[in-house]
Protein chains: 2
Amino acid sequence: MAKKASSRLEWRINVPDGTSKVLEPESGAVGKIWVGLKGCMGIIVLKVWRVLENAWHIGVADPRKVIHCIKVGLALSIVSLFYYMRPLYDDFGGNAMWAVMTVVVVFEYTVGATFYKCINRVIATFLAGALGVGIHLVAEQSGDQLKPIILGISVFLFASAATFSRFIPSVKARFDYGAMIFILTFSLVSVSGYRVVELFELAHLRLSTIAIGTSLCILVTMLFCPVWAGCELHHLIHQNMEKLADSLDGCVTEYFKENGTEKDLNKKMQGYKCVLNSKAAEESMANFARWEPTHGRFNFRHPWKQYLKIGASLRNCAYCIETLNSCISSEIQAPPCLRKHFSNKCMKASSYSINVLKELVITIVKMKKSSNIDVKVAEMNFAVEELEDALKSLPTTHFIATTTGEESTKAKAEGVEGSEHPSPIMKVLPLVKVVSLMVEIATRIGGVVNAVEELARLAEFKAAKDGKPKQNQPTDKPVAGH
Amino acid sequence: MAKKASSRLEWRINVPDGTSKVLEPESGAVGKIWVGLKGCMGIIVLKVWRVLENAWHIGVADPRKVIHCIKVGLALSIVSLFYYMRPLYDDFGGNAMWAVMTVVVVFEYTVGATFYKCINRVIATFLAGALGVGIHLVAEQSGDQLKPIILGISVFLFASAATFSRFIPSVKARFDYGAMIFILTFSLVSVSGYRVVELFELAHLRLSTIAIGTSLCILVTMLFCPVWAGCELHHLIHQNMEKLADSLDGCVTEYFKENGTEKDLNKKMQGYKCVLNSKAAEESMANFARWEPTHGRFNFRHPWKQYLKIGASLRNCAYCIETLNSCISSEIQAPPCLRKHFSNKCMKASSYSINVLKELVITIVKMKKSSNIDVKVAEMNFAVEELEDALKSLPTTHFIATTTGEESTKAKAEGVEGSEHPSPIMKVLPLVKVVSLMVEIATRIGGVVNAVEELARLAEFKAAKDGKPKQNQPTDKPVAGH
């Protein structure tokens, strides 16, 4: 408190000194405003600078985002100039704006999202237009008095129903945008005071402008550096798998290493957090991916839903790694001699687990059935069993020695800490926790293996040719955890 | 395989029997088409029926969603009829549709989301309109040849820049919709072939129709059963807290109970899964909540961001409960006698932890500082310490007894299982895991307490009056975990 007051006092003394020098030639009030204005400008410039800096980093990290922006600009310039040329402009009249609007609203980052919006927009506009014209026809024949009532009630009913449909998860996932466009078009047709003959002409113009806008969008998004939602999802899943492997590696290395933490290792360990938070991204990408036509190695009916299951099993692993991470960073740790005893077996189990994950990454990246995943899973399970055996044999071989022999040497070496006499179970506890989490993680990696093999089955991955002549062991046998 | 084949055989025999009766009076081809058509119709009717059933359940579960749909229908009917009446219609001309469009696009479920879209729409339209008119002015003075080039380049540049700004997280969170409307309006103004004088008139009309649309939306959304994003977030957070408490309670009861699992308990235990998956919902609600004006007990500058921190700390707890849950459902369990030994202490620690969570729920629901949260946290910490002590004293008091005495009685009782001679550490292991997870959960609940107390400080919660005369202990001292 005293320190704070003194520093504030210094500041007060310094300020009049500083300002008196600057403000000598000006009057007091103007000077204050000037200083205030300068301060405000400084803050604004600083904020804008930070946003720009941020933008620069985003652009450098993923140049495809910059390319997307250029694509949007290009599509809009084309459609604008297309309608700006007089002959075309006169033909379409005020409806030219529908093409521009379609491009702005429909152009999305991924091809799948653009397709989703284009198809939804065209179908919804067509349906709502037809329905609107039909109701107009009915309303026109029932007299001038009833007409606004019929139109009002129909708008109310259809808008309410379409809005409600947006709450239904299955509709929301596929037709959310379509429902909105349906309401929009239906209301616009209803509210327009035109006669039905004019309406037909209008509908024709609007549909054709929307068709021009959507086809331009689809062309631009597919021809210039397309970003496929399916590829992104595929990439995200195997990237997350790699991050998980790195995290596991980082955690175990950190726990059993002898020196202090390296900075790189700490960053590597935090990779599992991305996996924990990628559910929403995975779901939206899987939603968009199913609208995409065949591209590269992916068919139209690629089992995108299975990727969500792999994602869920990865998250399941990540929960365990989160707990492992908090175990490792806790203050109470097992004595070094005990850790050394387990170090080898734990490192072995973790490296075999990581091998399995890496093999799965290769399976997904290459989209080929791995020929030796079964061997790697068996190795992992064997290493885990060895680890469990070591844990089982701990009390008889090492436990007593630790509780009796080590105690005295420790007490001598550490003085105060040794006098606390930690009970044997408390000494083993942190290590037991880590080991049992390692076992649990291996079990959950088994779940990931199952999910990936299911994907290989559904997407009909071919077997990998890796030089080995004839394999007798079946490669698509389900793996039963550990 | 044999079973499958026989059932297929039966089916094949049955079908000709069934159809031969129906198709007697008709020709073969027509009959087949009729059956196929009937099948298709049946599937469609079934699917529609399922969607309707689903919709009915959604409506019953949250009637506010139905009210929202009625509100949308109402707002659209009002604005449609408003423009359908001739005198008004003639005045605004084709721009009437902008009001309808605004209502359709801007009306959202929560007040915050509607405000966000309204404010973004109005400001972005104004800015883009002004900029567009300015560039039109410049382009007009540089001759007919240069005009389309200047317009095209400006559309390209501004559209690209605005699209890129949508990738910057801070801009995306607040102005995503505004950036889209900016591109839209700017392109429309550029593409319109009007002269600048006409443009001013057009801009005036468009802004006024948009103003009518947005104000109608804001009125309807705020006057009829408003759904506040802030309230929803507040509700979600304390609901998640309750679910977490229930899950913890369920897990511990399940583990230490003597009889089989009840169905209710199993459902209760799964509550933590909601907490794991609510990050996206929390973030979007917090984003919308900051646009909301003062309502009920929430000020305009209510610290919504702190709710996200509470949510994160709850998720932190949920990860641990997830691991606890998998421990409990694993096959290998500690022997009953050992479990009984810990049962009381574990139940005590969990019930005190649950008490803390419930007290926090009350703090958040009532928005009043709890006077006895410190006591409850102290009780929890004490119970956890007792549990740890029990674990520490286990080897000396119980461990040896288990390894020597119990073994023989168990071997007699269970025959085969006893002959496996499970090592003492493996017997204690499951229990040790559960206990250490209980300790970890208590630590993480300490994190939740800190986050809630920070919220109480930021939102200036008043102290609760609960009959106790004068409290000497300070209530806003930070709680240092456990």
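Please read all numbers here as calculations on a predicted model, not as lab measurements.

Analysis parameters
- Residues numbered from 1 in each chain as written.
- Chains lettered and ligands numbered in written order.
- Predicted model: local features only at pLDDT ≥ 70, side-chain atom pairs only at ≥ 80, totals over all residues.
- Heavy atoms only, no water.
- Helix = DSSP H or I, 4+ residues; strand = E, 2+ residues; numbered from the N terminus.
- Buried < 20%, exposed > 50% of the residue type's maximum accessible area, 1.4 Å probe, protein only.
- Contact = heavy atoms within 4.5 Å.
- Areas by Shrake-Rupley, 256 points an atom, 1.4 Å probe, with all protein chains shown as cover.
- Phe/Tyr/Trp six-rings, centres within 6.5 Å; stacked < 30°, edge-to-face > 60°.
- Expected span 1.5 Å × (residues − 1).
- Salt bridge = Lys/Arg side-chain N within 4 Å of Asp/Glu carboxyl O.
- Disulfide = S-S within 2.5 Å.
- 1 Å grid on protein atoms, 1.4 Å probe; cavity = no way out; pocket = protein on both sides within 12 Å on 5 of 7 lines; lining within 4 Å.
- Points joined across faces, edges and corners; volume = space filled by probe spheres on them.
- Nonpolar A, V, L, I, M, F, W, Y, C, P; charged D, E, K, R; others polar.

Peer 1: Explain the overall build of chain A to me, and be specific about the residues and the numbers.
Peer 2: Helix and strand counts for chain A come out as 17 helices and two strands. By the burial criterion, 47% of the 482 residues in chain A qualify as buried. In chain A, the proportion of contacts linking residues at least 24 apart, taken out of those at least 6 apart, comes to 81%. Counting every atom, chain A has about 24700 Å² of accessible surface; 63% of that belongs to carbon and sulfur.

Peer 1: Mind laying out the packing of aromatic side chains, listing which residues take part and the relevant values?
Peer 2: Residue and element names in this part refer to chain A. Tallied over the entire structure, the rule returns 21 aromatic pairs over all chains. With 6.4 Å between their ring centres and 85° between their planes, phenylalanine 175 and tryptophan 291 make a pair best called edge-to-face. Note that phenylalanine 175 is positioned in helix α8 (residues 169-191) and tryptophan 291 in the loop between α13 (279-289) and α14 (304-328), a separation of 116 residues in sequence. Taking the relative accessible area as the measure of exposure, tryptophan 291 reaches 17% and is therefore buried.

Peer 1: Got a sec to walk through helix α10 (residues 229-256) of chain B? Specific residues and values, please.
Peer 2: Because each turn of an α-helix spans 3.6 residues, side chains separated by three or four positions end up pointing in the same direction. When the terminal C-alpha atoms of α10 of chain B are compared, their 40 Å separation across 28 residues agrees well with the 40 Å that a helix rising 1.5 Å per residue should span. Most of α10 of chain B is tucked away: 20 of the 28 residues are buried.

Peer 1: Please give an account of the pattern of salt bridges that cites residues and values.
Peer 2: One pass over the full model with this rule turns up 26 salt bridges over all chains. In this structure, aspartate 176 of chain B engages arginine 166 of chain B in a salt bridge whose closest nitrogen and oxygen atoms are separated by 3.0 Å. Of this pair, aspartate 176 of chain B sits in helix α8 (residues 169-191) while arginine 166 of chain B sits in the loop between α7 (143-165) and α8, and the two are 10 residues apart along the sequence. Across the salt bridge formed by lysine 172 of chain B and aspartate 176 of chain B, the nearest N and O atoms sit 3.8 Å from each other. Placement of the pair is lysine 172 of chain B and aspartate 176 of chain B together in helix α8, with a separation of four residues, close to one helical turn. In the salt-bridge network here, residues are joined through shared partners; they are Asp62, Arg64 and Glu232 of chain A.

Peer 1: Pulling in residues and values, what's your account of the state of the cysteines?
Peer 2: All names here are of chain B. One pass over the structure, following the stated rule, counts zero disulfides over all chains. The thiol sulfur of cysteine 231 is not disulfide-bonded, and the nearest other cysteine sulfur, from cysteine 225, lies at 13 Å. On the accessibility criterion, cysteine 231 (29% relative accessible area) is partly exposed. With no disulfide partner, cysteine 251 has as its closest neighbouring cysteine sulfur the one in cysteine 327, 9.9 Å distant. For cysteine 251, a relative accessible area of 0% gives the class buried.

Peer 1: Talk me through empty space enclosed by the protein; I want residue IDs and the actual numbers.
Peer 2: Inspection of the entire model under this criterion finds six cavities of 30 Å³ or more. Estimates place the volume of the largest cavity at around 160 Å³. What lines the largest cavity is a set of 14 residues, among which Ser436 and Leu437 of chain A together with Thr323, Lys433 and Leu437 of chain B lie closest to the centre. Going through the elements one at a time, α14 and α17 (424-458) of chain A together with α14 (304-328) and α18 (424-458) of chain B are the ones with two or more residues in the lining of the largest cavity. Its residues assigned to classes, the lining of the largest cavity shows four nonpolar, six polar and four charged.

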